[in-house]
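# Close look at the chain arrangement
Listed below, chain by chain, are the residues.
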Amino acid sequence: MPLALLALTLSAFAIGTTEFVIVGLIPTMASDLNVSLPSAGLLVSLYALGVAIGAPVLTALTGKWNRKHVLLAIMSLFVVGNLLAWQAPGYNTLILARILTGLAHGVFFSIGSTIATGLVAREKAASAIAIMFTGLTVALVTGVPLGTYIGQTFGWQATFLIVALLGLIALIGSALLVPSNLKQPPAAKLSSQLKVLVQPRLLLVYAITALGYGGTFTAFTFLAPILQQETGFDASAIGLIMLVYGVSVAIGNIWGGKMADKLGPIKALTIIFTGLATILIVFNFAAVNPYTAVATILVWGAFAFGNVPGLQVYVVKLAEKYTPDAVDVASGLNIAAFNVGIALGSWGGGMIVAKAGLMHTPWVGAVIVIIALLLTRFSGQLDKRQRNQEVDNVKPLTLN
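Sequence order sets the numbering: in each chain, residues are counted from 1 along the sequence as written. With pLDDT at 70 or above as the cut-off, local features in this predicted model cover only qualifying residues; side-chain atom pairs require 80 or more to be listed or tallied, and sums for whole chains, interfaces and linings still use all residues. Only heavy atoms go into the side-chain values, all of them from the structure, while hydrogens and water stay out.

## Digging into the overall build of the protein chain
To qualify as a helix, a DSSP run of H or I must reach at least 4 residues; to qualify as a strand, a run of E must reach at least 2; elements of each kind are numbered from the N terminus. Regarding its fold elements, the protein chain presents 14 helices and zero strands. Each helix (α) and strand (β) of the protein chain, taken in turn from the N terminus, gives the series α-α-α-α-α-α-α-α-α-α-α-α-α-α. The quantity called the radius of gyration is restricted to C-alpha atoms. Its globule counterpart is 2.2 Å times the number of residues to the power 0.38. The C-alpha radius of gyration computed for the protein chain amounts to 21 Å, which stays within 12% of the reference 21 Å derived for 400 residues, consistent with globular compactness. Seen along its three principal axes, the alpha-carbon backbone of the protein chain occupies a region of about 85 × 50 × 35 Å. Partly exposed residues are those whose accessible area sits between 20% and 50% of the maximum for their type, while under 20% is buried and over 50% is exposed, using a 1.4 Å probe and protein chains only. Within the protein chain, the proportion of its 400 residues that are buried is 56%. Here the contacts in the protein chain between residues at least 6 apart in sequence split such that 83% fall between residues at least 24 apart. The contact criterion used throughout is that any non-hydrogen atoms of two residues lie within 4.5 Å.

Encoded structure:
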C-alpha cells in the first residue's frame, strides 16, 4: 500500500472527526458561548451546507487544476478552519470556521477517490478507495468519542486544536508522498451537473437521500442534550455513548451494503427506512431510562448509516440509464444531497427544540424518514413500470 494512501486516510479521519464530534459537544459549547441549543445545533447545519456547496461547485471550478495542488489547498483550508475554531473569540467566528472546513470537506471527498485510484494499479482501485474511506469510518468509531472526551475534559477548543494538528500531519504527508504527475480526469463541468439536476428520476433519489438521511439528524444533532437532560447521564459519559453509536454505524454500513447487493437497493432501503423510523419512535419512550436509551442508540446507529450504500448504488444505477455521460457527477451530487439532509435536519431539529422541546425531535425525525420510505416505494414503482414498458416494446422475432 503506498504511503500516500495513508496520508489520504488520515485526512479522511480528521475530516470525519471534525464533522461529527460537535454533536457530543453541543451542550458544552452552548453553555460556554452563551447561546441556545438550537444556535449551537446550527454549527452542524452550516458545516453540512459548506460540504453541499463545496462538493459540486468548488470541484467543478477546480476541475482543470493539478489534483495534488487542489488536495494541498483544501487541506490547508481545513487546517486554517480548525485553527480558527480553536481560537474563535465568539459564536460568529465559529460559524465562519465551520463553513470553511465544510467547503474543504466537500472538495476532498469529491477528488479523494480519483487521487486514491491514481496511486495504485488499476485492479486495486476499489481497494484503494475503500482504504481511504476507512478513515471516515474509524473517525466515527474512535475520533468522535475521543474528541468528545477531550472536549468535555479540556474544553471544546482543545478538540479543534487536535483535529487541526491531525490535518497538518496529513497535509505534510500529502505534500511529501502524493506524486505531482497524477492522471488528470476530465473536468466535471457545471453544464453536466445541470443536466443531472433536470433529470426527474435522479431528483427523486436526491430527495430520498436528503429526507432518509436527514431525518436522523433532526434528533441526532441534539442527542447529547437529550441524554443529559432527559436520560440523566453526566456529560463525561457522552463520549462513551458516542463510541457505542460509532461501532453501530460501522456495522450498519457493512450490513446495509451487503443487503443492497443481495436484495437490490429498493428492497434494502425499504427495510432500513422502516427500521429507522421505528427506532426513532421507540427512542421517544426509551430515552427516559439509561439502559433502554443506550440499547436503542446501539440499534439506531446501524439503521441511520445503513442506508448510505443502497442510496449510492441506486443513484449510480439510475444515472447509468438516464445520464450515462455524467455518472460521476450524479454520484457526487448525491453526496451533496446527504449533506443537504444533515443541514435541513439539524436546522429543523433546532426549530423544534426552540418551539416544542427536545423530546419532539425523535418522532418528527421518524415522520421525515417515513416520507423518504414512501418516496422510495414510489421510485420502485416507477422502475417496475419502466421495465414493463421496455418488455412491451421488444417485438417478438418471427420467421418468414
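And the narrative resumes.
## Notes on the packing of helix α8 (residues 200–220) against helix α11 (residues 265–286)
Where α8 meets α11, the closest approach of the two axes is 11 Å, and the angle between their N-to-C directions is 20°. Relative to α11, the element α8 lies roughly parallel. Our pair here, α8 against α11, has a crossing hand that is left-handed. Here Ile208, Gly212, Gly215, Thr216 and Ala219 of α8 come into contact with α11, specifically with Phe273, Leu276 and Leu280. Here the contact of α8 with α11 is composed, by residue class, of five nonpolar, three polar and no charged. Whenever a helix is involved, its axis is fitted only over the stretch in contact; in every case the axis is a line through C-alpha atoms, and angles between N-to-C directions fall within 0 to 180 degrees. Note that the term roughly parallel is reserved for angles under 35 degrees, roughly antiparallel for angles over 145, roughly perpendicular for angles of 65 to 115, and oblique for everything else. The sense of a crossing depends on the near helix, which, turned anticlockwise from the far helix by less than a right angle, makes the crossing left-handed and, turned clockwise, makes it right-handed. Note that Gly is not counted as nonpolar here; it falls among the polar residues with everything else outside the nonpolar set of Ala, Val, Leu, Ile, Met, Phe, Trp, Tyr, Cys and Pro and the charged set of Asp, Glu, Lys and Arg.

## Side note on the pattern of salt bridges
A pair is scored as a salt bridge if a Lys or Arg side-chain nitrogen falls within 4 Å of a carboxyl oxygen belonging to Asp or Glu. Under the defined criterion, the tally for this structure stands at one salt bridge. Residues Arg201 and Asp383 are paired through a salt bridge, measuring 2.8 Å at the closest nitrogen-oxygen approach. Highlighted residues: Arg201 in helix α8 and Asp383 in helix α14 (residues 361–393), separated in sequence by 182 residues. Asp383 shares its class with Arg201; the two are buried.

## Here's the deal with the side chain of Thr17
By the secondary structure assignment, Thr17 is in helix α1 (residues 3–33). Filtering out sequence-adjacent residues up to four positions away, Thr17 remains in contact with Ala139, Gly143, Val144 and Val163.

## Observations concerning the side chain of Lys68
Here Lys68 is to be found in helix α3 (residues 67–86). Polar contacts involving the side chain of Lys68 include one to the main-chain carbonyl oxygen of Ala175, which spans 2.8 Å. Pairs of N or O atoms within 3.5 Å make up the polar contacts considered here, provided that, within protein, one atom can donate a hydrogen while the other can accept it, and that residues adjacent in sequence are counted only when both atoms are side-chain atoms. Of the polar contacts made by the side chain of Lys68, one reaches the backbone oxygen of Val178; its length is 2.7 Å.

## Overview of the nonpolar core
Put simply, a nonpolar core is a bunch of buried Ala, Val, Leu, Ile, Met, Phe, Trp, Tyr and Cys residues held in one set by side-chain atoms that sit within 4.5 Å of each other. Counting residues in hydrophobic clusters, the biggest one holds 71 residues, and the most contacted among them are Met29, Phe220 and Trp300. If you look at the next biggest cluster of nonpolar residues, it comprises 30 residues, including Phe108, Val120, Val163 and Leu171.

## Remarks on the packing of helix α10 (residues 238–263) against α11
Two numbers describe how α10 lies on α11: the axes approach to 7 Å, and their chain directions differ by 135°. As the angle between them shows, α10 and α11 are arranged oblique. Residues Trp255, Gly256, Met259, Ala260 and Leu263 of α10 form the contact with α11, whose own contacting residues are Pro265, Lys267, Ala268, Ile271 and Ile272. Here the contact of α10 with α11 is built from residues that sort into eight nonpolar, one polar and one charged.

## Examining unusual backbone geometry
A positive phi angle, close to 60°, is found at Asn34, a residue other than glycine. The residue Asn34 is located in the loop between α1 and α2 (37–61) in this model. Classification of Asn34 as exposed rests on a relative accessible area of 71%.

## Observations concerning the confidence of the model for the protein chain
Detailed reading of the predicted coordinates is not advisable wherever pLDDT is low. Per residue, pLDDT captures the predictor's confidence, and it can take any value from 0 to 100. Of the residues in the protein chain, 96% reach a pLDDT of 70 or more, and the chain-wide mean stands at 89. Averaged over each element, pLDDT in the protein chain is lowest for helix α7 (residues 190–197) (75) and highest for α11 (96).

## Quick word on the packing of aromatic side chains
Side-chain rings of Phe, Tyr and Trp, where Trp is taken by its six-membered ring, are said to pair if the distance between their centres is within 6.5 Å; with planes under 30 degrees apart they count as stacked, over 60 as edge-to-face, and otherwise as tilted. Counting across every chain of the model gives 14 aromatic pairs. When the ring of Phe217 is compared with that of Phe220, the centres are 5.4 Å apart and the planes differ by 90°; the resulting orientation is edge-to-face. A residue pair is termed a helical-turn pair when its members lie 3 or 4 positions apart in one helix, as Phe217 and Phe220 do in helix α8 at three residues. A centroid spacing of 5.2 Å and a plane angle of 50° characterise the contact between Phe283 and Trp300, whose relative ring orientation is tilted. Remark: Trp300 occurs in helix α12 (residues 290–322) and Phe283 occurs in helix α11; sequence separation between them is 17 residues. Residue class for Phe283 comes out buried when judged on its relative accessible area of 0%. Ring pairing ties together the aromatic residues Phe20, Tyr213, Phe217, Phe220, Tyr245, Phe283, Trp300, Phe305 and Phe338, which thus form one cluster.

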